[in-house]
Amino acid sequence: MTFELTKEFLEKIETAITGRDDTLLRAEMDELYPADITMLLYELETEPAHYLFSLLNTEIGAEILAEIEPEDRKRFLENFSSAEIARYIEVFDSDDAVDLLQEQPIQVREEVIGLLEDREQARFIIDLLPYDEDVAGGLMQKELVKANVNWTVNECIEEIRKQAEDVEKVYAVYVVDDNQTLLGLISLKNLVLARKNTKIGNIYDEDIHYVETYRPVEEVSEIMQRYDLEAIPVVNVQKRLLGRITIDDVLDVIIEKAEEDIQAISGITGEVEEDDNLWQQVKGRLPWLIVGVIGSLMAATVIRVFEGELSKIAALAMFIPIMGSTGGNVGIQTASLIVQALADKSGLEISWKERLLKIIVIASLNGLIIGLLAGLYVLVFSETQLVWVVSLSLMAVVLLASFMGTITPLILDRFGINPAVASGPFITTANDLVGIGTYFLIAHFLLKM
């Protein structure tokens, strides 16, 4: 049953916290999932939230801390002692532990590591701390199951039982040699089906995907998506096995990148959240709004150049909006497909000539249909002398907008600029200008003004 946080339930919990009714609080929390408790903690003041959190089972508390947004977690843990933080770090995966500790002051970080009873966990954390968060080394966890290539299946299974106590999810067993060099992997299914005296060296799969510690997280995400991997091993430059990256960690990267792309497409620079202060929100939105205003002013200048034509045939003004909006829509559609293809590297295997030819054919068909529909409207409801002007203008606008929507992201990508920014206000504004200019030029020549 889905939990719903009501005002009555919140008041009940607040009253129990004030009265230090630990029995009631523990009973209520036992009925909730960690995600539901997280929702409740967000609604409480800092001190009551800290008190309620201290009553939770250590594993539940660690799961909640691992899922809270970094900024919220940092503020929440300001009221925790180093000993309290160490209590939860003990049951964290090493990668999550490092993420949490990197948010803390250096003194707290060192105190927590020193307080850890599990010295292997402490060693894992120390090994991971030097890596930047935007590379594979900063994303990996040290917990994994590995087997020596010289072992038998029976020895391997016994070792799995020992190692798996510290590993939350076992997807496969990584095979290494005496120098810890990664050789391949063996699936749990093949391990179970093999005879117990069979050598691991005779049944492991050498065809394995792996990443080095210095690989960007975006590249790791792309590899795991392309090959549908649940986990991928991480090695150093000598190909020695250091850790693994699981799909749940990559999912966070995918979501974060998608949010950045959506903001870029919307014309928002940087990372802007709904609860950011006024200046941060203004600074994130203003740059592309200024670009849009400049583009609109330039479009107005184009209209002013042709105001003589407008004074002779006022009906020309009726179709100015459709030229700009059609060009903008077509440009965004095309640019979105190109950005998607750039994100999926396999989508750009065809040559520029083939891609441009395909765009021209599609744009021509779309332009022809749109032009005919608009021309029919003009024929029935407006001045017939504008039929060819409107029809040909729309066809030209669709062709030009498709070309710009294709070429702009490719050029930005070539210069190392995020091509997603080309899909928002930049494309729309540019096509407003091109669409209106094309419309009046065609009107000027066809109507001999």
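Residues numbered from 1 in each chain as written. Predicted model: local features only at pLDDT ≥ 70, side-chain atom pairs only at ≥ 80, totals over all residues. Heavy atoms only, no water.

1. Some details on the nonpolar core
Thinking step 1. Of all hydrophobic cores here, the largest spans 56 residues; its most connected members are Leu 52, Phe 53, Leu 65, Ile 89 and Ile 245.
Thinking step 2. With five residues, helix H1 (residues 7-18) is the single largest residue contributor to this core.
Thinking step 3. In this view, Leu 52 contacts Ile 13, Ile 17, Leu 25, Met 29, Leu 40, Leu 41 and Leu 44; residues no more than four positions away in its chain are not counted.
Thinking step 4. In terms of nonpolar packing, the next biggest core, distinct from the first, is built from 22 residues, Ala 299, Val 378, Val 390 and Val 397 among them. (Core = buried A, V, L, I, M, F, W, Y, C linked by side-chain atoms within 4.5 Å. Buried < 20%, exposed > 50% of the residue type's maximum accessible area, 1.4 Å probe, protein only. Helix = DSSP H or I, 4+ residues; strand = E, 2+ residues; numbered from the N terminus. Contact = heavy atoms within 4.5 Å.)

2. Remarks on the sheet that holds strand E1 (residues 146-148)
Thinking step 1. Taken together, three strands build an open sheet; the order of strands is E1-E2-E3 and the sheet is mixed. Taken across any chain shown, the strands that pair with only one partner, and hence form the sheet edges, are E1 and strand E3 (182-187). Put simply, the sheet's adjacent strands are angled 35° from each other on average, direction ignored.
Thinking step 2. Where E1 meets strand E2 (residues 172-176), three bridges bridge the pair, whose relative direction is parallel. In the strand pairing of E2, Ala 147 is matched with Val 175. (Pairing = 2+ DSSP bridges. Axes fitted to C-alpha atoms, helices over the stretch in contact; angles between N-to-C directions.)

3. As for the side chain of Thr 181
Thinking step 1. Assignment of secondary structure puts Thr 181 in the loop between E2 and E3.
Thinking step 2. Leaving out residues up to four positions away in the same chain, Thr 181 has contacts with Val 175, Val 176, Gln 238, Lys 239 and Arg 240.

4. With respect to the pairing of E3
Thinking step 1. Across five bridges, E2 lies against E3 in antiparallel orientation. Its bridge partner lying in E3, Tyr 174 is registered against Leu 185.
Thinking step 2. Following E2, the chain reverses through five residues before pairing antiparallel with E3; Gln 180 in that reversal takes a positive phi of roughly 70°.

5. Here we look at the sheet that holds strand E5 (residues 231-235)
Thinking step 1. Here three strands make up an open sheet; going across it, the order is E4-E5-E6 and the pairing mixed. In this open sheet, the two strands that pair with only one neighbour each are strand E4 (211-212) and strand E6 (241-246).
Thinking step 2. Sheet topology note: the E4/E5 ladder contains two bridges and is parallel. Along E5, the bridge assignment pairs Glu 212 with Val 235.
Thinking step 3. Packing against the sheet, helix H14 (residues 217-226) makes contact with E4, E5 and E6, and its axis sits at approximately 140° to E5.

6. Side note on the pattern of salt bridges
Thinking step 1. Taken as a whole and judged by the stated rule, the model has nine salt bridges.
Thinking step 2. The partner of Glu 212 in a salt bridge is Arg 215, and the shortest N-O contact between them spans 2.8 Å.
Thinking step 3. A relative accessible area of 14% means that Glu 212 is categorised as buried.
Thinking step 4. If you follow the salt bridges from partner to partner, you end up with Glu 212, Arg 215 and Glu 219 in one network. (Salt bridge = Lys/Arg side-chain N within 4 Å of Asp/Glu carboxyl O.)

7. Details of the packing of H1 against helix H2 (residues 22-30)
Thinking step 1. As a packed pair, H1 and H2 sit with axes 9 Å apart at the nearest point and diverge in direction by 140°. Every pair of crossing elements has a handedness; the one defined by H1 and H2 is left-handed. Side by side, H1 and H2 meet where Phe 9, Lys 12, Ile 13, Ala 16 and Ile 17 of the first sit next to Leu 24, Leu 25, Glu 28 and Met 29 of the second.
Thinking step 2. Of the residues contributing to the contact of H1 with H2, the split by class is seven nonpolar, no polar and two charged. (Left-handed = near helix turned anticlockwise from the far one by under 90°. Nonpolar A, V, L, I, M, F, W, Y, C, P; charged D, E, K, R; others polar.)

8. Comments concerning the confidence of the model for the protein chain
Thinking step 1. For the protein chain, per-residue confidence averages 83 on the pLDDT scale, and residues scoring 70 or more make up 85% of the total.
Thinking step 2. Per-element confidence in the protein chain is highest for E4, whose mean pLDDT is 96, and lowest for helix H17 (residues 307-312), whose mean pLDDT is 66. (pLDDT = per-residue confidence, 0-100.)

9. Describing the packing of aromatic side chains
Thinking step 1. Inspection of every chain in the model, using the stated rule, returns five aromatic pairs.
Thinking step 2. With a centroid separation of 5.4 Å and an interplanar angle of 85°, the aromatic rings of Phe 53 and Phe 76 are classed as edge-to-face. Pair noted here: Phe 53 is in helix H4 (residues 46-54) and Phe 76 is in helix H6 (residues 70-76), with a separation of 23 residues, a long-range link.
Thinking step 3. For Phe 76, a relative accessible area of 13% gives the class buried.
Thinking step 4. Ring centres 5.7 Å apart and planes at 70° place the aromatic pair Phe 53 and Phe 80 in the edge-to-face group. In this pair, Phe 53 is assigned in helix H4 and Phe 80 in the loop between H6 and helix H7 (82-89), connecting sequence segments 27 residues apart. (Phe/Tyr/Trp six-rings, centres within 6.5 Å; stacked < 30°, edge-to-face > 60°.)

10. Overview of helix H10 (residues 119-128)
Thinking step 1. Among the residues making up H10, those that are buried are Gln 121, Ala 122, Phe 124, Ile 125 and Leu 128. For H10, the arc enclosing every buried residue in end-on projection is 160°, short of the 170-degree limit, so these residues lie on one face.
Thinking step 2. Residues of H10 that are buried sit in contact with H7, helix H8 (94-102), helix H9 (106-115) and helix H11 (136-139).
Thinking step 3. Sitting at the head of H10, Asp 118 places a side-chain oxygen 3.1 Å from the backbone nitrogen of Glu 120. (Arc of directions from axis to C-beta. Polar contact = N/O pair within 3.5 Å; in protein donor to acceptor, adjacent residues only side chain to side chain.)

11. Considerations on unusual backbone geometry
Thinking step 1. Positive phi values are uncommon outside glycine, yet Arg 20 reaches one of about 55°.
Thinking step 2. Looking at the secondary structure, you find Arg 20 in the loop between H1 and H2.
Thinking step 3. Notably, Asp 228 is not glycine yet its phi reads approximately 55°, a positive angle.
Thinking step 4. By the secondary structure assignment, Asp 228 is in the loop between H14 and E5.
Thinking step 5. Under the relative-accessibility criterion, Asp 228 is labelled exposed at 68%.

12. A few points about the pairing of E5
Thinking step 1. In terms of burial, E5 is a largely internal element, five of the five residues being buried.
Thinking step 2. The alternating pattern of E5 places Ala 231, Pro 233 and Val 235 and Ile 232 and Val 234 on opposite faces, both of which are buried.
Thinking step 3. Examined bridge by bridge, E5 and E6 share five bridges and lie antiparallel to one another. What sits directly across from Val 234, in E6, is Gly 243.

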